[in-house]
Amino acid sequence: MTNPSQAVSSRGPITHVIFDMDGLLLDTEKFYTEVQEIILARYNKTFDWSLKAKMMGKKAIEAARVFVEETGISDTLTAEDFLIEREAQLQSMFPTSDLMPGASRLIRHLHEKGIPFALATGSHKRHFELKTQRHGELFSLMHHVVLGDDPEVKQGKPSPDIFLAAAKRFEGAPIDPKKILVFEDAPAGVLAAKNAGMSVVMVPDPRLDSSFYDIADQVVKSLLDLNPNDWGLPPFENPAS
Ligand SMILES: O=P(O)(O)OC[C@H](O)CO
Ligand SMILES: [Mg+2]
């Protein structure tokens, strides 16, 4: 992990921002965890954070394959059937999604200051719409949104595909990836951003093993703890409330 003030001096200030969604802007990772715990309990197995770390941030089918293979249940439950089973429960949970602390403040701040920002989420279109149902106005502030089922996203995170696609859709593209700052919660997402040549602020769930922090340029406990100045971005005018 480099000191962000060193990163700014060596890489130049940030001009564009890309946000992850699940677990970063929206408190939706808990839904996946809950449903996966229920499914695994049927096989007398427990869902733990080492498995969670391997799944989070990935496209649904890629995460599903990890789930059935790592738990040794792939002979009785295929990745496709796991997704069907998970779906019914997730569909009723997603519309209740809450924002993560500091998400609204940071998005509104960047919008007010004219810093272009976009969304890059592994979630596919139908899930994106359910999850953002109560937050349409906030998400409409994004310059653009790239979803996991976008044709340009051939492979999910940790492949850089989604961040490179998001970078290409800003006005004035191509944007130098060194001037793009990504906000992520998942190890696969942090790696994807680094593979795209971008800087990354990681906002991990506290249950995630700290060995995953190393690859991020900065780690903060919450978006409320971010100091935009660290990245050459305009400072907040009011302290976090
Ligand atoms: O973290 P995101 O927004 O890329 O979403 C990925 C999955 O849908 C959930 O882990
Ligand atoms: Mg995420």
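A short tour of the structure in this document, coming up. All values reported here derive from a predicted model rather than from experimental measurement.

Some details on the coordination of the magnesium ion (ligand 2)
Consideration 1: Taken together, the protein ligands of the magnesium ion (ligand 2) are Asp20 (OD), Asp22 (O) and Asp185 (OD), with distances of 2.0 to 2.2 Å.
Consideration 2: Read in sequence order, the donor residues for the magnesium ion (ligand 2) give the motif D-x1-D-x162-D. With Asp22 in the loop between strand 1 (16–19) and helix 2 (29–41) and Asp185 in the loop between strand 4 (180–184) and helix 10 (187–195), this residue pair connects regions lying 163 residues apart in the sequence. Residue Asp22 shares its accessibility class with Asp185, and that shared class is buried.

Here's the deal with the sheet that holds strand 6 (residues 218–219)
Consideration 1: One open sheet holds the six strands; their spatial order is 3-2-1-4-5-6, and the pairing between them is parallel. The sheet terminates laterally at strand 3 (145–146) and strand 6, the two strands that pair on one side only.
Consideration 2: Here strand 2 (residues 117–120) pairs with strand 3 via two bridges, running parallel. By the bridge assignment for strand 3, Ala120 is matched with Val146.
Consideration 3: Contacting strand 1, strand 2 and strand 4, helix 6 (residues 103–112) crosses the sheet at an angle of about 155° to strand 1.

Concerning the pairing of strand 2
Consideration 1: Where burial is concerned, the two faces of strand 2 agree: the one with Phe117 and Leu119 and the one with Ala118 and Ala120 are both buried.
Consideration 2: Bridge analysis of strand 1 against strand 2 gives three bridges, and the strand direction is parallel. Along strand 2, the bridge assignment pairs Val17 with Phe117.

Regarding the site of ligand 1
Consideration 1: Near ligand 1 you find 13 residues, and of these Asp20, Asp22, Glu29, Thr121 and Gly122 are the closest.
Consideration 2: Gly57 has a polar backbone atom sitting 2.9 Å from an oxygen atom of ligand 1.
Consideration 3: Separating an oxygen atom of ligand 1 from a side-chain N or O atom of Thr121 is a distance of 2.6 Å.
Consideration 4: Starting from 300 Å² of accessible surface for ligand 1 in isolation, the protein chains cover 95%.
Consideration 5: Across the shell around ligand 1, the residue classes tally to three nonpolar, four polar and six charged.
Consideration 6: When residues of the shell around ligand 1 are assigned to domains, at least three map to each of domain 1 (4–27 + 97–229) and domain 2 (29–96).

Some words on helix 5 (residues 79–93)
Because each turn of an α-helix spans 3.6 residues, side chains separated by three or four positions in sequence point in the same direction.
Consideration 1: For helix 5, with 15 residues, the first-to-last C-alpha span of 21 Å sits near the 21 Å given by 1.5 Å per residue.
Consideration 2: When the local axis directions of helix 5 are compared, the greatest deviation, roughly 40°, occurs at Glu87.
Consideration 3: Taken as a whole, helix 5 has its buried residues at Ala79, Phe82, Leu83, Arg86, Glu87, Leu90 and Met93.
Consideration 4: Taken together, the buried residues of helix 5 touch helix 2, helix 3 (49–55), helix 4 (60–70) and helix 7 (125–131).

Here's the deal with helix 6
Consideration 1: Every buried residue of helix 6 is listed here: Ala103, Leu106, Ile107, His109 and Leu110. Angularly, the buried residues of helix 6 cover 160° about the axis, an arc narrow enough to put them on a single face.
Consideration 2: Where helix 6 is buried, its residues touch strand 1, strand 2, helix 8 (136–139) and strand 4.
Consideration 3: The first or second residue beyond helix 6 is Gly114, which carries a positive phi of 75°.

Structural notes on the packing of helix 4 against helix 5
Consideration 1: The geometry of helix 4 relative to helix 5 is characterised by a closest axis approach of 8 Å and an angle of 110° between their N-to-C directions. Classified by the interaxial angle, the pair formed by helix 4 and helix 5 is roughly perpendicular. Two secondary-structure elements touch here, helix 4 through Ala60, Ile61, Ala64, Arg65, Phe67 and Val68 and helix 5 through Ala79, Glu80, Phe82, Leu83 and Arg86.

Let's talk about the pattern of salt bridges
Consideration 1: Applying the stated rule across the entire model yields 17 salt bridges.
Consideration 2: In this structure, the salt-bridge partner of Glu70 is Lys54, at a minimum N-O distance of 2.9 Å. Taken as a pair, Glu70 in helix 4 and Lys54 in helix 3 lie far apart in primary sequence, 16 residues in all.
Consideration 3: The salt bridge involving Glu137 is made with Arg108; its shortest N-O contact spans 2.8 Å. Taken as a pair, Glu137 in helix 8 and Arg108 in helix 6 lie far apart in primary sequence, 29 residues in all.
Consideration 4: On the basis of relative accessibility, which here comes to 47%, the residue Glu137 falls in the partly exposed class.
Consideration 5: Sharing partners across several salt bridges, the network here consists of Asp150, Glu152, Lys168 and Arg169.

Thresholds applied
- Residues numbered from 1 in each chain as written.
- Chains lettered and ligands numbered in written order.
- Predicted model: local features only at pLDDT ≥ 70, side-chain atom pairs only at ≥ 80, totals over all residues.
- Heavy atoms only, no water.
- Donors = N, O, S within 2.8 Å, 3.2 Å for Na, K, Ca; no water.
- Helix = DSSP H or I, 4+ residues; strand = E, 2+ residues; numbered from the N terminus.
- Buried < 20%, exposed > 50% of the residue type's maximum accessible area, 1.4 Å probe, protein only.
- Pairing = 2+ DSSP bridges.
- Contact = heavy atoms within 4.5 Å.
- Axes fitted to C-alpha atoms, helices over the stretch in contact; angles between N-to-C directions.
- Near = heavy atom within 4 Å.
- Polar contact = N/O pair within 3.5 Å; in protein donor to acceptor, adjacent residues only side chain to side chain.
- Areas by Shrake-Rupley, 256 points an atom, 1.4 Å probe, with all protein chains shown as cover.
- Nonpolar A, V, L, I, M, F, W, Y, C, P; charged D, E, K, R; others polar.
- Domains from an automatic or database assignment.
- Expected span 1.5 Å × (residues − 1).
- Bend = angle between axes of the 7 residues up to and from the residue.
- Arc of directions from axis to C-beta.
- Parallel < 35°, antiparallel > 145°, perpendicular 65-115°, else oblique.
- Salt bridge = Lys/Arg side-chain N within 4 Å of Asp/Glu carboxyl O.

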